[in-house]
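One-letter residues, chain by chain:
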Amino acid sequence: MVRIGVISNAHSKRNKMSMREIHNLLAEHPQVKHRSFHHINELPGCLAEMAAGEITHLVVSGGDGTVLAVVSALLNNSPFVRQPFLSLLSAGMTNVIAHEVGQPGLPAMGLKRLVARAEAGEAGEVLERPVLSVDFGDGRPIERGFLIGGVGFYQGTQLVRRDIHSLGAKQVFAAKLGIAWSILKILVFGPGPRSGFHGERLGFIIDGCPEQRDCFMFLGSTLESVLPGVAPFWGNGPGRLQLTTIDSPPRRFASAVLSVLRGRPKPWMEEAGYRSRRMEKLELDIHSPLMIDGECFQPPAGGRIVVTAGPVMRFHRF
C-alpha cells in the first residue's frame, strides 16, 4: 500500500508562498501525512512519526539545508525499517539538489503530480546520486551532502546573502545574479579587501596523492551541475567526486571564467591554475569555513577533513 508523507520546513521561502495551495491540496488528500517543523532539531521527531506511520513515499519540501539534514538522518540513524522512496520539492532559498533530482515546478504543483502518480502505482523516474560523506575528525557526526566548497566559494556565498538576497532576489535568479556580481567585483577590484575575495594556502590529498596549493576557490560535488547552465566540472576518470580548483591569485580570470562555469576548459587553463579532477576520496587541510549544500561549517581545530563519495541515495521524480 502506498503511504505518502510530506515533511516541510516552515521557514523555507517557497513553502511560505505556497502553503495555502499545499494545505488545500492536502485537504483534498487526507491520506497524505504532513508534518512541518520550525527548527531543524524537530526533524528527527518528524521522521520518527513518518516511520511509525509506515510511510512508503517521503517527500521533502525545503531547500538544500533541509535536504542535507534529511539525507544525513536517513543515512546516519534512520527510524525506518525499510527506507522510503525519497522525493524533493524545490521550496528553499537554494535548491541545487532538487534542481537535478527533484520535482520540477512549484512545490504545490510538484506535490499534486507526485500524489496522483504514486497512488496510481508509478515509481517515477529513479535517479541515483552518490552522497558526499564529510568527516571532520573531531567527534561530530558524519555530514552528508552533494556540494562542498570553500575559500572563494564561501566568500561569494556570504556576498550573495548580504548584497543579493537583501534585494529580494530568490531561487535560481538570485544564485546566477550572485555569480555575476562576484565575477564583476573580482574583475573590477581583483583579490583583496575591496572585492572581499582572497586566497588561502590549502593542503590536498587526492586519492592518496598529496599537494599544496594557494587556492582562490574550490568546489566539489557528485552532481553534474550546480544550476541550470552552470556545470563547472570537466575532469576525466572513474571517480564519483568531482573537484574544481582555481589557484590564487587567479590568472587570466576574465578569459577563463565563462569556460569554468560551462565546464569547457581552454587548452591553456590547466597551466594557469584552473583544474578539474575526479576522485573517490579527498583529504583537505583548511582553516576557513566550508559550505556544504548551502550550510556553513567550521573546520576542526587541526584543519583536516576527509571527503568521500558514497553511499548512493535514490530519488524518485514523478
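Residues numbered from 1 in each chain as written. Predicted model: local features only at pLDDT ≥ 70, side-chain atom pairs only at ≥ 80, totals over all residues. Heavy atoms only, no water.

**Q** Looking at this structure, how should I read the overall build of the protein chain?
**A** Regarding its fold elements, the protein chain presents eight helices and 15 strands. Taken over the C-alpha trace, the protein chain has a radius of gyration of 20 Å; the compact-globule value for 318 residues is 20 Å, and the two agree within 12%. Principal-axis analysis of the C-alpha atoms gives the protein chain an extent of 60 × 40 × 35 Å. The buried share among the 318 residues of the protein chain stands at 54%. Within the protein chain, residue pairs in contact and separated by at least 24 positions form 72% of the contacts whose partners lie at least 6 positions apart. (Helix = DSSP H or I, 4+ residues; strand = E, 2+ residues; numbered from the N terminus. Rg over C-alpha atoms; globule rule 2.2 N^0.38 Å. Buried < 20%, exposed > 50% of the residue type's maximum accessible area, 1.4 Å probe, protein only. Contact = heavy atoms within 4.5 Å.)

**Q** Which parts of the structure should I look at to understand the confidence of the model for the protein chain?
**A** Interpretation of this model should avoid reading the predicted coordinates in detail wherever pLDDT is low. Per-chain confidence: the protein chain averages 92 in pLDDT, with 96% of residues scoring 70 or above. Looking over the protein chain, one finds the lowest element-wise mean pLDDT in helix α1 (residues 13-28), namely 77, and the highest in strand β10 (residues 241-247), namely 98. (pLDDT = per-residue confidence, 0-100.)

**Q** When you look at the side chain of Arg-144 in this model, what are you seeing that I'm missing?
**A** Note on placement: Arg-144 falls in strand β6 (residues 143-145). Buried and unpaired, Arg-144 has Glu-143 as its nearest opposite-charge partner, separated by 7.9 Å. At 3.0 Å, the side chain of Arg-144 forms a polar contact with the side chain of Asn-76. Those residues in contact with Arg-144 that sit more than four places away from it in its chain are Leu-68, Val-71, Ser-72, Leu-75, Asn-76, Val-131, Leu-132, Ser-133, Ile-292, Gly-310 and Pro-311. (Lys, Arg positive; Asp, Glu negative; His and termini not counted. Salt bridge = Lys/Arg side-chain N within 4 Å of Asp/Glu carboxyl O. Polar contact = N/O pair within 3.5 Å; in protein donor to acceptor, adjacent residues only side chain to side chain.)

**Q** So what exactly am I meant to see when it comes to the nonpolar core here?
**A** One recurring pattern in soluble globular proteins is that nonpolar side chains are buried together. Core analysis: the biggest nonpolar cluster contains 50 residues, and Ile-7, Leu-58, Phe-80, Leu-86, Leu-88 and Tyr-274 have the highest contact counts within it. Judged by nonpolar contacts, the second largest core, of 23 residues, contains Ile-148, Val-151, Leu-282 and Ile-286. (Core = buried A, V, L, I, M, F, W, Y, C linked by side-chain atoms within 4.5 Å.)

**Q** Quick question: what am I supposed to make of a nonpolar patch on the surface here?
**A** The grouping of Trp-181, Leu-184, Leu-187, Val-188 and Phe-189 at the surface amounts to a nonpolar patch, some 440 Å² of accessible area in total. Along the polypeptide, Trp-181 turns up in helix α7 (residues 171-189). (Patch = residues over 30% accessible without salt bridge, like charges linked within 9 Å, V, L, I, M, F, W, Y side chains within 5 Å. Areas by Shrake-Rupley, 256 points an atom, 1.4 Å probe, with all protein chains shown as cover.)

**Q** Explain unusual backbone geometry here, please?
**A** Phi is mostly negative for residues that are not glycine, and the peptide bonds are mostly trans. Cis geometry marks the peptide bond from Ser-248 to Pro-249; its omega dihedral reads -5 degrees. Relative to the elements of secondary structure, Pro-249 occurs in the loop between β10 and α8 (253-262). Residue Gly-310 is joined to Pro-311 through a cis peptide bond whose omega torsion reads 5 degrees. With respect to the secondary-structure elements, Pro-311 resides in strand β15 (residues 304-317). Of note in the backbone geometry, Glu-54 takes a positive phi value of approximately 55 degrees without being a glycine. By secondary structure assignment, the location of Glu-54 is in the loop between α2 (43-52) and β3 (57-62).

**Q** Is there a simple way to think about helix α5 (residues 107-119) in this case?
**A** Residue pairs spaced three or four apart in an α-helix point in one direction, given the helix's 3.6 residues per turn. Here α5 contains 13 residues, and its C-alpha end-to-end distance of 18 Å stays within 8% of the 18 Å for a straight helix at 1.5 Å per residue. Looking at α5, one finds that the buried residues are Pro-107, Ala-108, Gly-110, Leu-111, Leu-114, Val-115 and Ala-118. Each buried residue of α5 lies within a common arc of 160 degrees when the element is viewed along its axis, so the set occupies one face. In α5, the exposed positions that point more than 90 degrees away from the buried face belong to Lys-112 and Ala-116. Of the residues one or two after α5, Gly-121 is the one with positive phi, at around 95 degrees. (Expected span 1.5 Å × (residues − 1). Arc of directions from axis to C-beta.)

**Q** Teacher, can you tell me more about the environment of Leu-159 here?
**A** Secondary-structure assignment places Leu-159 in helix α6 (residues 152-163). Here the alpha-carbon distance between Leu-159 and Glu-280, two residues 121 residues apart in the chain, equals 31 Å. Discounting residues that sit within four places of it in the chain, Leu-159 has contacts with Ile-164, Trp-181, Ser-182, Lys-185 and Phe-197.

**Q** How should the packing of aromatic side chains be read in this particular structure?
**A** The description of an aromatic ring pair rests on the distance of the ring centres and on the angle between the ring planes. Under the counting rule described, the total for this entry stands at five aromatic pairs. Residues Trp-268 and Tyr-274 carry aromatic rings whose centres are separated by 6.4 Å and whose planes lie at 90 degrees to one another, so their mutual orientation is edge-to-face. Assessed through its relative accessible area of 21%, Trp-268 is described here as partly exposed. By relative accessible area, Tyr-274 is classed as buried at 2%. Lying over the aromatic face of Trp-268, Arg-252 brings its terminal NZ or CZ to 3.8 Å of the ring centre. (Phe/Tyr/Trp six-rings, centres within 6.5 Å; stacked < 30°, edge-to-face > 60°. Lys NZ or Arg CZ within 6 Å of the ring centre and 35° of its normal.)

**Q** In this structure, what is going on with the pattern of salt bridges? I would like to understand it.
**A** Once the charged atoms of two side chains with opposite charge are near each other, the side chains can pair. Tallying each qualifying case throughout the model produces 15 salt bridges. A salt bridge links Arg-129 to Glu-100; the nearest nitrogen and oxygen atoms lie 2.7 Å apart. A residue pair is termed long-range when its members are at least 10 positions apart, and Arg-129 in strand β5 (residues 125-135) and Glu-100 in helix α4 (residues 96-101) qualify at 29 residues.

**Q** Got a minute to help me understand the state of the cysteines in this structure?
**A** What is meant by a disulfide is a covalent connection between two cysteines, made through their sulfur atoms. Evaluation of the coordinates by the stated rule reveals zero disulfides. In this model Cys-209 remains outside any disulfide bridge; the closest cysteine sulfur is found in Cys-215, 18 Å from its own. Not part of a disulfide, Cys-215 finds its nearest cysteine sulfur in Cys-296, a span of 16 Å. Given a relative accessible area of 1%, Cys-215 falls into the buried group. (Disulfide = S-S within 2.5 Å.)

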